[in-house]
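# Chain and residue survey
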Amino acid sequence: MSDARKFEAQPVRTVSGSVAVPGDKSISHRALMLSGIATGMSEVSGFLASEDCLATLAAMRALGVRIEQPSPTDVLVHGVGLHGMRAANRALDMGNAGTAMRLFTGLLSAQAFDSQLIGDASLMKRPMERVAKPLREMGADVRTHNGTPPVDIGGGRTLRGIEYRMPVASAQVKSAVLLAGLYADAATTVVAPAINRDHSERMLQSCGVLLTTDGLRTTLQPPQELASQRLNVPGDFSSAAFFIVAGLLGASGEGLLIQNVGLNPTRTGLLDILRSMGGNIDVLNPRQSGAEPVADLLVRASALRGIEVAVELVPLAIDELPVLFVAAACARGETVVTGAEELRVKESDRIAAMSAGLQAMAVEHQVLPDGMRIQGRAEGPAFGGGEIDSFGDHRIAMSFAIASLRAAKAISIRDVANVATSFPGFVSLARSVGLDVREAAA
Ligand code: S3P
């Protein structure tokens, strides 16, 4: 749904200082779901209290799981066991959250009761057959409406363990099948066409589930129960990405420090891409937070050069490609991204949305069916400034706010309320390092 909030980003030339970004969205969703069906109480700290994750939290409560939230980022989940959830007395509203809808489709397809999943105008247009199809192969009763939500799930089915070859490298599809596989009569295997994020696998193993990976092949044995967990959610690499690019474009002398960033290698394709563009990013104090690697990042202003992005890095950087396009617009020469057709079915068609914004800012580029070619401008302002639309997509809105570091004039970004789906507090963090972004009524 379009809304009446906008960002006004005035041109600034430098950023400095340090930030700690909020918790990881993917891990926060999974923490609530797995803790909810575990045995006993789980303690989650660093939880991302964003609209997407709060939709998952509300849904788990509606399914009978008691959840306390002593502070926005601390959550206590009283697990009800694998078979302890009960029917919600209404449709479960996932808001803008594709991850919540896809993972719940898997989890709920294995329950004894019926469920319905709905979402906002953007989510109601997103493809759901990609999860429905393998779940039906397992014997689940999952119905979409011409491929999109509402998703109706019939309960009381006995699920079969299957081997599923995913046509897309989607962690959401893989996770939905693995969640259903927790309840199947035999082992479930998912084979991916390329590496994709593995938070579900790591967390399932932490909960004591017998899960093995062999290259692109993941196999899960249905457990008797899930162990409860104590989990400290790392900062979201996808949120850090905006500050990484900001630092490369304009960090003053000592650099910009981004603290406590999750560096799961299935998420950090952007680091490899930006480094091969000449980006100076140091990984400091690497450590482990439970099953996930974490570190601080020190980013220095860098002269970027355009590159052809290796297609195997694309699934490892899929959510960061909008802000990569901003970096590419400031690099010397051409940057080419291909193999990214999945961008067309995110919270917006991100290829079309970024192209519209780049066009309005007079950035020379060419849209490809599965990506984009961008002619960068390394000297002087790369973006003209003016007004653009985020198409209600949080990552488009934040990407163009970062562009203000190389803009000739102010950038006005429409329809930004959805920034709260992934990054509450973005504006104040951005301001704290020197960006001049304000949120206002449109
Ligand atoms: C996610 C997987 C990715 C990503 C999304 C979060 C997850 O989607 O774009 O923001 O938490 O599993 P796909 O599975 O569609 O690639």
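Residues numbered from 1 in each chain as written. Predicted model: local features only at pLDDT ≥ 70, side-chain atom pairs only at ≥ 80, totals over all residues. Heavy atoms only, no water.

Right, let's get into the overall build of the protein chain. A count of helical and extended segments in the protein chain gives 12 helices and 23 strands. Here the protein chain has a C-alpha radius of gyration of 21 Å; the compact-globule value for 442 residues is 22 Å, and the two agree. Taken over 442 residues, the protein chain has a buried fraction of 61%. Within the protein chain, counting contacts between residues at least 6 apart in sequence, those at least 24 apart form 76% of the total. Accessible area of the protein chain: about 15,500 Å², with a carbon and sulfur share of 49%. Here the protein chain contributes 41 positively and 45 negatively charged side chains, and the mean placements of these two sets differ by 1 Å. (Helix = DSSP H or I, 4+ residues; strand = E, 2+ residues; numbered from the N terminus. Rg over C-alpha atoms; globule rule 2.2 N^0.38 Å. Buried < 20%, exposed > 50% of the residue type's maximum accessible area, 1.4 Å probe, protein only. Contact = heavy atoms within 4.5 Å. Areas by Shrake-Rupley, 256 points an atom, 1.4 Å probe, with all protein chains shown as cover. Lys, Arg positive; Asp, Glu negative; His and termini not counted. Charge placed at Lys NZ, Arg CZ, Asp CG, Glu CD.)

The nonpolar side chains of a soluble globular protein tend to be buried, and buried together. One finds F243, I244, F383 and F426 to be the most contacted residues of the largest nonpolar core, which totals 83 residues. No other element matches the 10 residues that helix α7 (residues 237-250) contributes to this core. Among the nonpolar cores identified, the runner-up in size contains 69 residues, and M94, V173, M203 and L211 belong to it. (Core = buried A, V, L, I, M, F, W, Y, C linked by side-chain atoms within 4.5 Å.)

Assigned domains of the protein chain: these are domain 1 (5-23 + 234-441) and domain 2 (25-232). Once you take the C-alpha centre of each, domain 1 and domain 2 turn out to be 29 Å apart. Residue-level contacts link 27 residues of domain 1 with 26 residues of domain 2. Linking domain 1 with domain 2 are 3 salt bridges. For D319, the salt bridge is made with R197, and the minimal N-O distance between the two is 3.1 Å. Where domain 1 packs against domain 2, one counts 16 residue pairs in polar contact (both at pLDDT 80 or more). If you list the elements that add at least two residues to the side of domain 1 that touches domain 2, you get β17 (292-300) and α11 (394-402). Class assignment for the residues of the side of domain 1 that touches domain 2 results in 11 nonpolar, 8 polar and 8 charged. (Domains from an automatic or database assignment. Salt bridge = Lys/Arg side-chain N within 4 Å of Asp/Glu carboxyl O. Polar contact = N/O pair within 3.5 Å; in protein donor to acceptor, adjacent residues only side chain to side chain. Nonpolar A, V, L, I, M, F, W, Y, C, P; charged D, E, K, R; others polar.)

The next subject is the packing of α7 against α11. Packing of α7 against α11 leaves a shortest axis separation of 10 Å and a crossing angle of 15 degrees. Considering their axes alone, α7 and α11 lie roughly parallel with respect to each other. You can see that α7 and α11 cross each other, and the crossing is right-handed. Each of S238, F242, V245, A246 and L249 in α7 lies in contact with α11, whose residues at this interface are R395, M398, S399 and I402. Tallied by class, residues from the contact of α7 with α11 come to 6 nonpolar, 2 polar and 1 charged. (Axes fitted to C-alpha atoms, helices over the stretch in contact; angles between N-to-C directions. Parallel < 35°, antiparallel > 145°, perpendicular 65-115°, else oblique. Left-handed = near helix turned anticlockwise from the far one by under 90°.)

Here the largest pocket defines a volume of roughly 600 Å³. Along the walls of the largest pocket sit 36 residues, with A169, S170, I318, E342 and K346 positioned nearest its centre. Elements with a contribution of two residues or more to the lining of the largest pocket: α1 (25-36), α3 (98-108) and α5 (171-181). Take the lining of the largest pocket: its biggest share by element is 4 residues, from α1. (1 Å grid on protein atoms, 1.4 Å probe; cavity = no way out; pocket = protein on both sides within 12 Å on 5 of 7 lines; lining within 4 Å. Points joined across faces, edges and corners; volume = space filled by probe spheres on them.)

Okay, empty space enclosed by the protein next. As enumerated under the stated definition, the model contains 2 cavities of 30 Å³ or more in all. Taken together, R30, M33, L34, L103, S175, L178, L179, S200 and L204 make up the full set of residues lining the largest cavity. Secondary-structure elements contributing two or more residues to the lining of the largest cavity are α1, α5 and α6 (199-206). When the residues that make up the lining of the largest cavity are grouped by side-chain class, the tally is 6 nonpolar, 2 polar and 1 charged. By volume, the second largest cavity amounts to about 50 Å³. Around the second largest cavity, the lining residues are D24, I27, H199, P234, G235, F237, G262, L263, N264, R267, E292 and P293.

Our focus in this paragraph is the sheet that holds strand β6 (residues 92-93). With respect to topology, 4 strands assemble into an open sheet ordered β6-β7-β9-β8, the strand pairing being mixed. Of all the strands in the sheet, just β6 and β8 (141-145) have a single pairing partner and so form its edges. Summarising the sheet, strand β7 (residues 115-118) and strand β9 (residues 148-154) pair through 3 bridges and their orientation is antiparallel. Each residue of the ladder has a partner; that of Q116, found in β9, is D152. (Pairing = 2+ DSSP bridges.)

All right, on to the site of the ligand then. Within the structure, the ligand sits among S26, R30, T99, S170, A171, Q172, R197, I318, D319 and K346. Between the ligand and the protein, one listed contact pairs an oxygen atom with a side-chain N or O atom of R30 at 2.7 Å. Contact distances for the ligand include 2.6 Å between an oxygen atom and a side-chain N or O atom of S170. Protein coverage of the free-state accessible area of the ligand, which is 380 Å², stands at 94%. In this structure, the ligand is accommodated by the largest pocket. Considered class by class, the residues forming the shell around the ligand number 2 nonpolar, 4 polar and 4 charged. Taken domain by domain, the shell around the ligand gets at least three of its residues from each of domain 1 (5-23 + 234-441) and domain 2 (25-232). (Near = heavy atom within 4 Å. Sits in = over half its atoms within 2 Å of the grid points.)

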